[in-house]
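# Coordinate analysis (summary)
Okay, here's what each chain looks like letter by letter:
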Amino acid sequence: MINHLSGVQKLFEVGVILTLFLAVFISLSLLSFSPIDPSWSQQQWVARHS
């Protein structure tokens, strides 16, 4: 027996899946954070010795 979902149920299911994906992504981002890692918006300046 095939169970057909209504439009609202489909939207709800897609929302739940996207929310779970976003939660996993943010959790991995926070767990792998290190203040030592350089940022994409920072440059490293190396002093030249004369």
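Now for a description of the structure that goes with this document. (Residues numbered from 1 in each chain as written. Predicted model: local features only at pLDDT ≥ 70, side-chain atom pairs only at ≥ 80, totals over all residues. Heavy atoms only, no water.)

### Some points on the overall build of the chain
Across its full length, the chain carries one helix and zero strands. Put simply, the chain has 50 residues, and 0% of those count as buried. (Helix = DSSP H or I, 4+ residues; strand = E, 2+ residues; numbered from the N terminus. Buried < 20%, exposed > 50% of the residue type's maximum accessible area, 1.4 Å probe, protein only.)

### Regarding a nonpolar patch on the surface
Judged by side-chain polarity, Phe21, Leu22, Phe25, Ile26 and Leu30 come together as a nonpolar surface patch covering roughly 570 Å² of accessible area. Its location among the elements puts leucine 22 in helix H1 (residues 7-31). Taking the relative accessible area as the measure of exposure, leucine 22 reaches 48% and is therefore partly exposed. (Patch = residues over 30% accessible without salt bridge, like charges linked within 9 Å, V, L, I, M, F, W, Y side chains within 5 Å. Areas by Shrake-Rupley, 256 points an atom, 1.4 Å probe, with all protein chains shown as cover. Salt bridge = Lys/Arg side-chain N within 4 Å of Asp/Glu carboxyl O.)

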